[in-house]
Amino acid sequence: MEGASQGLLADAMTDVPVDSSAAARTVAPEGLTAAEEEELRAEIAKVEEEIGTLRQVLAAKERHCGELKRKLGLTPLDGLKQNLSKSWHDVQVSNAYVKTSEKLGEWNDKVTQSDFYKKTQETLSQAGQKTSAALSNVGSVISRKLGDMRNSATFKSFEDRVGTIKSRVVGSRENSTDGLHSPSGAGDKPPQDNAPF
């Protein structure tokens, strides 16, 4: 595995230029000798070179990881889902989230235990019960009034007239040979359907 990693690193390594002139332009702080300044500059150059090498190694590792994921059939969307899930989990276990949840829980307990909340809840409950009873009473009154109206002489007279009209209309259809008189004068013959379909 190490040989394969070094093969990838050798292919991916490129020289990253280090701007040594930027280091030379800075003025040494007071209290440093020329030797100390030179030593610090050498250390800066060495650290910058290591940073460049680490960037190259990181880029090679990221490419290799991408190839492995592609071989496994993992898509960037899968990675995004996993990252979001991990991030959400991290948020939920963070001190800020836990403290906020605890504080909100305390506030909720305080509010629900307060006299004002209890009185409001009790009032709303009573109002709901009274509204329900009132609507039930209204429904009963409407049903009773409709029943009274149906039993009234006026409604009976109206119902009889409608019944009479209905029997005349239905009776005339039953007496007719084809239900309604045909404007074509076809009489009892049903019209023929000459349509091709």
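Residues numbered from 1 in each chain as written. Predicted model: local features only at pLDDT ≥ 70, side-chain atom pairs only at ≥ 80, totals over all residues. Heavy atoms only, no water.

Okay, the overall build of the protein chain next. Per the secondary structure count, the protein chain includes seven helices and zero strands. Across the 197 residues in the protein chain, those meeting the buried criterion constitute 5%. In the protein chain, the share of contacts with a sequence separation of at least 24, taken over all contacts with a separation of at least 6, comes to 45%. (Helix = DSSP H or I, 4+ residues; strand = E, 2+ residues; numbered from the N terminus. Buried < 20%, exposed > 50% of the residue type's maximum accessible area, 1.4 Å probe, protein only. Contact = heavy atoms within 4.5 Å.)

What follows is about the pattern of salt bridges. Following the criterion strictly, the structure yields four salt bridges and no others. For Arg 41, the salt bridge goes to Glu 37, with nearest N and O atoms at 2.8 Å. Of the two residues, Arg 41 and Glu 37 both sit in helix α3 (residues 34-72), four residues apart, roughly one turn of that helix. Overall, Glu 37 belongs to the partly exposed group, its relative accessible area being 23%. Between Glu 159 and Arg 150 there is a salt bridge, with the nearest N and O atoms lying 3.8 Å from each other. Given the relative accessible area of 34%, Glu 159 is considered partly exposed. (Salt bridge = Lys/Arg side-chain N within 4 Å of Asp/Glu carboxyl O.)

Below, the discussion takes up a nonpolar patch on the surface. Side chains of Trp 88, Val 91, Tyr 97 and Val 98 sit close together on the surface and give an oily, nonpolar patch of about 340 Å² of accessible area. At the level of secondary structure, the elements contributing two or more residues to the nonpolar patch comprise α4 (76-93) and α5 (95-113). Looking at the secondary structure, you find Val 98 in helix α5. On the accessibility criterion, Val 98 (32% relative accessible area) is partly exposed. (Patch = residues over 30% accessible without salt bridge, like charges linked within 9 Å, V, L, I, M, F, W, Y side chains within 5 Å. Areas by Shrake-Rupley, 256 points an atom, 1.4 Å probe, with all protein chains shown as cover.)

A few words now on the confidence of the model for the protein chain. Looking at the protein chain, pLDDT values average 79 and 72% of them are 70 or higher. Of all helices and strands in the protein chain, the one with the weakest mean pLDDT is helix α1 (residues 2-12) (48), whereas α3 scores best (94). Across residues 1-12, confidence stays below pLDDT 50; counting only partners more than four residues off in sequence or on other chains, it has seven contacts. (pLDDT = per-residue confidence, 0-100.)

With that settled, the discussion passes to the packing of α4 against α5. Where α4 meets α5, the closest approach of the two axes is 4 Å, and the angle between their N-to-C directions is 55°. Classified by the angle their axes make, α4 and α5 are oblique. Facing Trp 88, Val 91, Gln 92 and Val 93 of α4, the residues of α5 in contact are Asn 95, Tyr 97 and Val 98. Considering only residue class, the contact of α4 with α5 consists of five nonpolar, two polar and no charged. (Axes fitted to C-alpha atoms, helices over the stretch in contact; angles between N-to-C directions. Parallel < 35°, antiparallel > 145°, perpendicular 65-115°, else oblique. Nonpolar A, V, L, I, M, F, W, Y, C, P; charged D, E, K, R; others polar.)

When two helices pack together, their arrangement is given by the angle between the helix axes and the distance between those axes. Between α5 and helix α6 (residues 115-150), the shortest axis-to-axis distance is 5 Å and the interhelical angle comes to 60°. If you check the angle between α5 and α6, you find them oblique. The segment α5 lies against α6, with Val 111, Thr 112 and Gln 113 engaging Asp 115, Tyr 117 and Lys 118. Of the residues in the contact of α5 with α6, the class split is two nonpolar, two polar and two charged.

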